[in-house]
Amino acid sequence: MTEFLQQLINGLSLGAIYALLALGYTMVYGVLRFINFAHADVFMVGSFAGYYLGRLVPGGTLWGGLAVLAAAMIACALLGVLIERLAYRPLRGGPTLNVLITAIGVSLLLQYSGQIIFGATPRTFPQLFPVAQFHLGRVGISSNQIVVIVVAPLLIAGLQLVVFKTRMGMAMRAVSLNLKAAQLVGVNINTVISFTFALGSALAAAGGILYSMNYPSIDPLMGVMPGLKAFTAAILGGIGSLPGAALGGLILGGAETFVGGSQFSTYKDAIAFGILIVILLLRPAGLLGRWTAEKI
Amino acid sequence: MNAAPMLSVSQLSVSYGAINAVCDLSLEIPQGGIVTLLGGNGAGKTTTLHTLSGLLRPKSGRVTFCGEDITRLPPHQIVARGLSHVPEGRMVFANLSVAENLAMGAFLQTDKALVAETREHIFALFPRLKERLRQTAGTLSGGEQQMLAIGRALMGCPKFLMLDEPSLGIAPRLITTIFEKIVEINRTQGITILLVEQNANLALEISSYGYVLETGHIVCQGPSRDLRQNPQLKAAYLGG
Ligand SMILES: Nc1ncnc2c1ncn2[C@@H]1O[C@H](COP(=O)(O)OP(=O)(O)OP(=O)(O)O)[C@@H](O)[C@H]1O
Ligand SMILES: [Mg+2]
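It should be emphasised that the depicted structure is a prediction, and the values quoted were computed from it without experimental measurement.

Calculation notes
Residues numbered from 1 in each chain as written. Chains lettered and ligands numbered in written order. Predicted model: local features only at pLDDT ≥ 70, side-chain atom pairs only at ≥ 80, totals over all residues. Heavy atoms only, no water. Salt bridge = Lys/Arg side-chain N within 4 Å of Asp/Glu carboxyl O. Buried < 20%, exposed > 50% of the residue type's maximum accessible area, 1.4 Å probe, protein only. Helix = DSSP H or I, 4+ residues; strand = E, 2+ residues; numbered from the N terminus. Near = heavy atom within 4 Å. Polar contact = N/O pair within 3.5 Å; in protein donor to acceptor, adjacent residues only side chain to side chain. Areas by Shrake-Rupley, 256 points an atom, 1.4 Å probe, with all protein chains shown as cover. Donors = N, O, S within 2.8 Å, 3.2 Å for Na, K, Ca; no water. Pairing = 2+ DSSP bridges. Contact = heavy atoms within 4.5 Å. Axes fitted to C-alpha atoms, helices over the stretch in contact; angles between N-to-C directions.

K.L.:
Explanation requested: the pattern of salt bridges in the structure shown.
P.N.:
Opposite charge on two side chains permits pairing when their charged atoms draw close. Taken as a whole and assessed by the stated rule, the structure comprises 12 salt bridges over all chains. Across the pair Asp69 of chain B and Arg62 of chain B runs a salt bridge, and its minimum N-O distance is 3.2 Å. Taking relative accessible area as the criterion, Asp69 of chain B reaches 35% and is therefore assigned partly exposed. Glu144 of chain B serves as the salt-bridge partner of Arg132 of chain B, at 3.0 Å between the closest nitrogen and oxygen. With Arg132 of chain B in the loop between helix 5 (127–131) and helix 6 (142–154) and Glu144 of chain B in helix 6, this pair connects stretches of sequence that are 12 residues apart. Linked through salt bridges whose partners overlap, the residues forming this network are Lys229, Glu256, Lys268 and Asp269 of chain A.

K.L.:
Is there a simple way to think about the site of ligand 1 in this case?
P.N.:
Residue and element names in this part refer to chain B. The local shell around ligand 1 holds 13 residues, among which Lys45, Thr46, Thr47, Glu88 and Glu165 are the closest. Between ligand 1 and the protein, one listed contact pairs an oxygen atom with a side-chain N or O atom of Glu165 at 2.7 Å. With the chains in place, 61% of the 640 Å² that ligand 1 exposes on its own is no longer accessible.

K.L.:
When you look at the coordination of the magnesium ion (ligand 2) in this model, what are you seeing that I'm missing?
P.N.:
Geometry sets the ideal angles at a metal, namely 109.5 degrees for four tetrahedral donors and 90 or 180 degrees for six octahedral donors. Looking at the magnesium ion (ligand 2), the protein donor atoms are Thr46 of chain B (OG1) and Glu88 of chain B (OE), and they sit 1.8 to 2.3 Å from it. With a gap of 42 residues between them, Thr46 of chain B in helix 1 (residues 45–52) and Glu88 of chain B in the loop between strand 6 (83–86) and helix 3 (98–105) connect regions that are remote in the sequence.

K.L.:
Whenever I open this one, the sheet that holds strand 2 (residues 19–29) of chain B confuses me. Can you help?
P.N.:
As a general point, the strands of a sheet are linked pairwise by backbone hydrogen bonds and lie either parallel or antiparallel. All names here are of chain B. What the 4 strands build is an open sheet, ordered 2-1-4-5; its pairing is antiparallel. Here the strands that pair on one side only, and so sit at the sheet edges, are strand 2 and strand 5 (68–69). Inspection of the sheet shows strand 1 (residues 7–16) paired to strand 2 by 7 bridges, in the antiparallel sense. Note that in strand 2 the partner of Val9 across the bridge is Leu27. Along the sheet, helix 1 contacts strand 1, strand 2 and strand 4 (60–65); its crossing angle with strand 1, the most-contacted strand, is approximately 115°.

Given below as structure tokens:
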């Protein structure tokens, strides 16, 4: 039982991070119908932003941690907007394959620019938030895990508010339902698309920092694995579905942690791809379908 | 047409890659009128409307609305000027409720009181929409979806309404209702209308002037009354 609870806590905190990242894949897919492969590398940039910004504030303080988190989110929001503006927008209206290949190109560009700028050797992520270890009976939980378990749901709830309660969110939903009809009621699609990239990239940055707090060795290729898993989570939940992405992230984080803690721990990373294959075979629309289904 | 027309299109050409869908098209639509654009499948009617509302860029030509050149404006700026488009196939937001679809139609309206008032007008025009307020738009019948699409466009308080084949795929009984409503919108609200149709009989009955499009070219135009008597048209579109 203790073992189970322990794994559950670990799984939840990993899953919450996958969820943050999965939301970005799903939102971009919702409005533009393509997978932004560079998303995982924005996660990496978020982590490095946290690494460098962390030096500017006193370590191990709550306000310092939150300030770094916010600043990295803003920086990555700008990066996301820039990527869309420079790489994807010129291709809009063309075949989806062109944008997909470009997205892989942007991903590689970020990874290798990262290796030039930050170096290829892993670095140790600083302790941004206060450190403590708590015990509930024999179950241990670290302050870093608590930060994840508090911050990630808050961000996801904030996203829900934006998507369902604001004018811009309304425009995002309209664009994802029917691009032409959205334009005909007066939605400026360029603004909506930029906004979507900003939101998704900010969540990726938060994910990058939260991830690095718990797995503190960071390098320019660190986004690849979490990216693939979050992508799987988005597909599992139903690409285009916001609750689906969140649920998919939790399931994936949980499954990976439980497998990692069992005698099959060497298959920890394979579990994601196993799930992906099974989903694509059995239920390609994912668990929750689209947040806004394809038009009829 | 003595006064300056509300919408004037001159020598508009639109192509999809190498295919010329519309060639050298010119039209004039006077304020307050109902003008129809007729033509068979693939004539270029939808392409024309898409270009007028900014969804497509023309190869050449010019569109002037209320004295302003709007040829290169993006769609949201064209809607903001009062030119609204009810697209072919209706394009309601299938997953949203009727109420939410109407709210989307008022996306650019900032005056809440005006939005509420417009909504009441639309319910008076289409009581069916009021009954179905919470229903998901995708589950409405074709005719109801058409009412919703028109209602959504009216929520933007347009001066000019373009309708692309409102009779398409709709039960004959509802077609009559919808055409009556189009006339009512024109008469009581003073909204100028450009009606695209394949159903030439009905369209010529409610319009005052008509243009006939064939493979991207205007082949014939004139007062609707005269077009109804035109022997060539009769053979091609009016069922003998
Ligand atoms: N996206 C597109 N790509 C290439 N060609 C197109 C495209 N859309 C329309 N066309 C072509 O342009 C021509 C005009 O089409 P358009 O849809 O404007 O006709 P229409 O008069 O609206 O016909 P219908 O009454 O069937 O709706 C047709 O030959 C059509 O095949
Ligand atoms: Mg058409």
